[in-house]
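Secondary and tertiary structure notes
Below are the chains, spelled out letter by letter.
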Amino acid sequence: MAKQKEGVDKRTARKMIRSTEGCAKSITFERNNKSDAVQLHDLPNDILGSILSRLTFRESSQMGLVSHTWRRLWRSCCRKLVFTSATMFQPGNRSIKHTRTNFAMRVNSFLRQLHTHPTLNKFVIKFGLRRKHTRHVNRWIRFCSVSRARHITINFTPGVKDFFMGPANSKYIFPLNVFSGPEGSSTHVRTLHLGYVCLDTTSSDFMIFANLKKLTLHKISFLGDLQCLMLPECNSLECLSISFCSLPGLSTCQPLQRLRCVRLHYCYLKKIELEAPNLTSFDLTNQPIPFVLGGSLNVMEANIKLLAKDSPYGDNLDYIYTELPAALSHVHKLSITSGLFVFDQLQGFSKTSARFINLRHLTMYLPLYGEPKSISGILRLAYLLELAPALEELELHVNGGDVDVGWALRGNMLPYSHNRLKRVLISGASVWEGLMELAYYIFRSANRLESMVLDPKIRIGAPQLDGWMIDIGRETIKKLFEGEEFQSIITIL
């Protein structure tokens, strides 16, 4: 039976050799006199190590249980440690409860098998642990530091509700100073992902992650100042992602030359001041706040999701028309999500001399609230043509409102001559009369318009229109744009 478990036939051995082609040019097998089968452990160690490296963490660790030989080989080839519910507990086995105590016991037992500290490429802990488990987690973090792990994930968010950030006094305090001890070093760390922990940046003996390229912080509570201690010294940082963290502001004391990507989601920031001359991507979900991206002339793409204002009937259109062009004047592709109130009383808006001078593609997701028959409330969006003189593609996606059949194009607003716009897409076009007036205005203003697609269906949010309502909306749009001048350009879905 033992030979049947360890042995493989010749055909299986040939497949293994082909899968590791290039590791060795010639291989000689010694056959057992009692059997013609090739033994798997007869393969050279470099090929066996290559096989182990291609297995998942759970599969490779199980191979270490086969024999002492395989255990020694697994220890020497172990480059990643992934401790999650899926790797520490057998799927479908309900005899062992997936408790935090059992998880900690299994991780401790696993690490005791590694008598020496291997050089790790990846170290992952993902389980719903808290501050009361500090004794165990501290031991694991020290092991991670001594093992010089390059990619570290400490994520304790499992079990936490989506928008719940949690009290700071229940979160594990991540020991940054461990990476500056006599046995540890922070220079080897390339990516750091922290979730649902408390980050203490007040330690005086902390050595910064000088070679860190990607920093992700999710539902973090801060003890100290993040930007003054961590960010200025991260000269190699390329990607920064912060979500669901309560931060009063984010600023840098000196330029981050290599920073390419910034994502800030639900941090309730009051201000943003970043010096990142090579920034190419910016993603923000926040209430309208002033922000400055000093020297960022290479921003290619930006996604801005604006949360609702506290004041009633106050939308973010003034902010979109004034603050965003000043902060993102060089952006090429821009996506904006923001609610918009539609009332005849809301006719005015703020203007500025700032422009999106390089904007080519603009997408706006606009949940609309107000009077479906209002014209002037929606025609405020016509200023977009003046705000983006280089615009080539425009997408407007709206929801809300009701289908009506008593519409008529008025064309009272004088067109603005735009020489670059080529393609326009408007979804939810059958529920707001002002949208049809806006489409007609764009049609008359865009001198080089090649196509305009009007979609009666609502593509964002809820509720969706019934089929018969969509049919009525489609027929209404066709009647409005039935002239020959529209036939070659306007498409009604």
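For the structure, check the block above.
Residues numbered from 1 in each chain as written. Predicted model: local features only at pLDDT ≥ 70, side-chain atom pairs only at ≥ 80, totals over all residues. Heavy atoms only, no water.

Here's the deal with the nonpolar core
Worth spelling out the cut-off: Definition of nonpolar core: a set of buried residues of the types Ala, Val, Leu, Ile, Met, Phe, Trp, Tyr and Cys, connected through side-chain atoms within 4.5 Å. Exposure categories follow from relative accessible area, calculated using a 1.4 Å probe and restricted to protein chains: below 20% of the type maximum is buried, above 50% is exposed, and the middle band is partly exposed. The secondary structure listing takes helices from DSSP runs of H or I that are at least 4 residues long and strands from runs of E that are at least 2 residues long, numbered from the N terminus. Contacts are assigned to residue pairs with any non-hydrogen atoms lying within 4.5 Å of each other.
Phe-123, Phe-174 and Leu-328 are the most contacted members of the largest nonpolar core, which totals 124 residues. The biggest single contributor to this core is helix α13 (residues 433-445), with eight residues. Ignoring sequence-local partners within four residues, the contact set of Phe-123 consists of Leu-81, Phe-83, Trp-140, Phe-143, Cys-144, Ala-149, His-151, Ile-152, Thr-153 and Ile-154.

Here's the deal with the packing of aromatic side chains
Defined as follows: Aromatic pairs are defined between Phe, Tyr and Trp rings, using the six-membered ring for Trp, whenever the two ring centres lie within 6.5 Å; interplanar angles under 30 degrees are classed as stacked, those over 60 as edge-to-face, and all others as tilted. Note on criteria: charge over ring means Lys NZ or Arg CZ within 6 Å of the ring centre, with the direction from the centre no more than 35 degrees off the ring normal.
Overall, the coordinates contain 14 aromatic pairs when judged by the stated rule. The interplanar angle of 5° and the centroid separation of 4.1 Å between the aromatic rings of Phe-103 and Phe-127 together place this pair among those described as stacked. Highlighted residues: Phe-103 in helix α7 (residues 100-112) and Phe-127 in the loop between β4 (122-126) and α8 (134-146), separated in sequence by 24 residues. Comparing Phe-103 with Phe-127 shows no difference in burial state: the two are buried. Where Phe-481 meets Phe-486, the ring centres are 5.1 Å apart and the plane angle is 85°; that geometry is what we call edge-to-face. Judged by relative accessible area, Phe-481 falls into the buried class, the value being 4%. You can call Phe-486 buried: its relative accessible area is 5%. One aromatic cluster in this structure is built from Phe-89, Phe-103, Phe-127 and Trp-140. Seen from the ring of Tyr-196, Lys-171 lies directly overhead, with NZ or CZ sitting 4.8 Å from the centre.

A word on α7
Rules: How far a helix is expected to stretch is found by multiplying one less than its residue total by 1.5 Å. Directions are taken from the helix axis to each C-beta atom, and the arc is the one they span.
Between the first and last C-alpha of α7 there are 18 Å, a value that for 13 residues agrees with the 18 Å anticipated at 1.5 Å per step. Every buried residue belonging to α7 is among Phe-103, Ala-104, Val-107, Asn-108, Phe-110 and Leu-111, and all of these are buried. Buried residues of α7 fall within an arc of 160° about the axis and therefore sit on the same side. For α7, exposure combined with an orientation more than 90 degrees from the buried face picks out Thr-101, Met-105 and Arg-112.

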